[in-house]
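Examination of the molecular architecture
Take a look at the letters that make up each chain.
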Amino acid sequence: MKTVIVGYTQDTGGQDALAVARSIAAHGGATLVVCVVTPESWGPSSLGVDQDYNRFVDEHATALLDSARAILRDAPNVRYERIAAKSATVGLTQAAEREAADLIVLGSASGNAVGRLLLGDVTDELLHMSSRPVAVAPQGFASTAPPTRVTVGFSGTEGASSTVLHALGLAGALKVPLRIASFAVRDRLAFPSRFGPELEFAILERWTAQAQAALDAARAQIAVTGYPVETAIGVGANWEEALAAVDWLEGELMLLGSSRLGALQRVFLGSNAAKMVRASRVPVIIVPRT
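Description of the structure in this document. (Residues numbered from 1 in each chain as written. Predicted model: local features only at pLDDT ≥ 70, side-chain atom pairs only at ≥ 80, totals over all residues. Heavy atoms only, no water.)

Applying the stated rule across the entire model yields 12 salt bridges. One salt bridge connects Asp 247 with Arg 149, and the closest N-O pair in it is separated by 3.1 Å. Remark: Arg 149 occurs in strand β6 (residues 149-153) and Asp 247 occurs in the loop between α7 (239-244) and β9 (252-257); sequence separation between them is 98 residues. What makes Asp 247 partly exposed here is its relative accessible area of 44%. The class of Arg 149 is buried, set by a relative accessible area of 5%. Residues participating in the shared-partner salt-bridge network are Arg 149, Arg 179, Glu 230, Asp 247 and Glu 252. (Salt bridge = Lys/Arg side-chain N within 4 Å of Asp/Glu carboxyl O. Helix = DSSP H or I, 4+ residues; strand = E, 2+ residues; numbered from the N terminus. Buried < 20%, exposed > 50% of the residue type's maximum accessible area, 1.4 Å probe, protein only.)

Sheet architecture is open: 10 strands sit in the order β3-β2-β1-β4-β5-β10-β9-β6-β7-β8, paired in mixed fashion. The open sheet has two edge strands with one neighbour each: β3 (78-85) and β8 (229-236). On average, each strand axis in the sheet is tilted by 25° relative to the strand beside it, whichever way the strands run. Sheet analysis places strand β1 (residues 3-7) next to strand β4 (residues 103-107), joined by three bridges and oriented parallel. Its bridge partner being in β4, Val 6 is matched across the sheet by Val 105. (Pairing = 2+ DSSP bridges. Axes fitted to C-alpha atoms, helices over the stretch in contact; angles between N-to-C directions.)

With that out of the way, let us pick up the packing of helix α3 (residues 88-99) against helix α4 (residues 121-129). Close contact between α3 and α4 brings their axes to 9 Å; oriented N to C, the two are set at 45°. Accordingly, the angle class assigned to the pair α3 and α4 is oblique. Seen along the crossing, α3 lies across α4 with a hand that is right-handed. Judged by residue contacts, Ala 88, Thr 89 and Thr 93 of α3 engage Val 122, Glu 125, Leu 126 and Met 129 from α4. (Parallel < 35°, antiparallel > 145°, perpendicular 65-115°, else oblique. Left-handed = near helix turned anticlockwise from the far one by under 90°. Contact = heavy atoms within 4.5 Å.)

Inspection of the secondary structure assignment puts Ser 67 in helix α2 (residues 49-72). Side chain to side chain, Ser 67 and Tyr 8 meet in a polar contact 3.0 Å long. Not counting the four nearest positions on each side in its chain, Ser 67 is found in contact with Tyr 8 and Gln 10. (Polar contact = N/O pair within 3.5 Å; in protein donor to acceptor, adjacent residues only side chain to side chain.)

See the structure below:
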């Protein structure tokens, strides 16, 4: 890992993003680039409005970067950049490509419950445009714990192996264990009441057995490297319960793969992954489909 970019805004989401980005960059041995994106300058105006507006933007960007410096204080290997672009999405995407960033970190949208993730407009756009992994910090994330484990959501479908390998690379860079986990939601509406709960339990047991077999196969592939890896299965009546069915460590990171419907080399969340993101109480990293 060489470079982590964080899109900083002067609100709780920006502070959450800084906390996650600082932890990952510091323990991954990467340079942290704090980016403040501002609108492109107006052209010359006969009324001089452009000069006043540009001065205001300059002062605002300087204040934002100063506040980021105050939060990070003596953190090593940090650069601070102001980027002028048509939008925050364009600015962060261009910065990530220029820096060959390993990761872009953003905060959750404001108004979300503390400890939960909510994708705002910028994050949603970036997930569709970026060719780089994107991390989202939960609202109110204030943990100072170093990374402790990487858990990768494993679907067992085609393309899931590349997501596991990406998670292995991240775990190795952070020097933490890897966990491969599968999650499922019990859909009671799929089983008419006349069949009773027996059918649901039978199907769930079959899925669990298949999921465990796929997890064991994935673990066996990783085990040949000698890297520590474990597996877990979480099932619940909804995604919150499914994720809560397995233990989560302070400092844990969850990694999800992009939807198979997304364009190659672009990040795009499928419906289940999007629900898992909203239900997660730990930072989530979404990696592009390869």
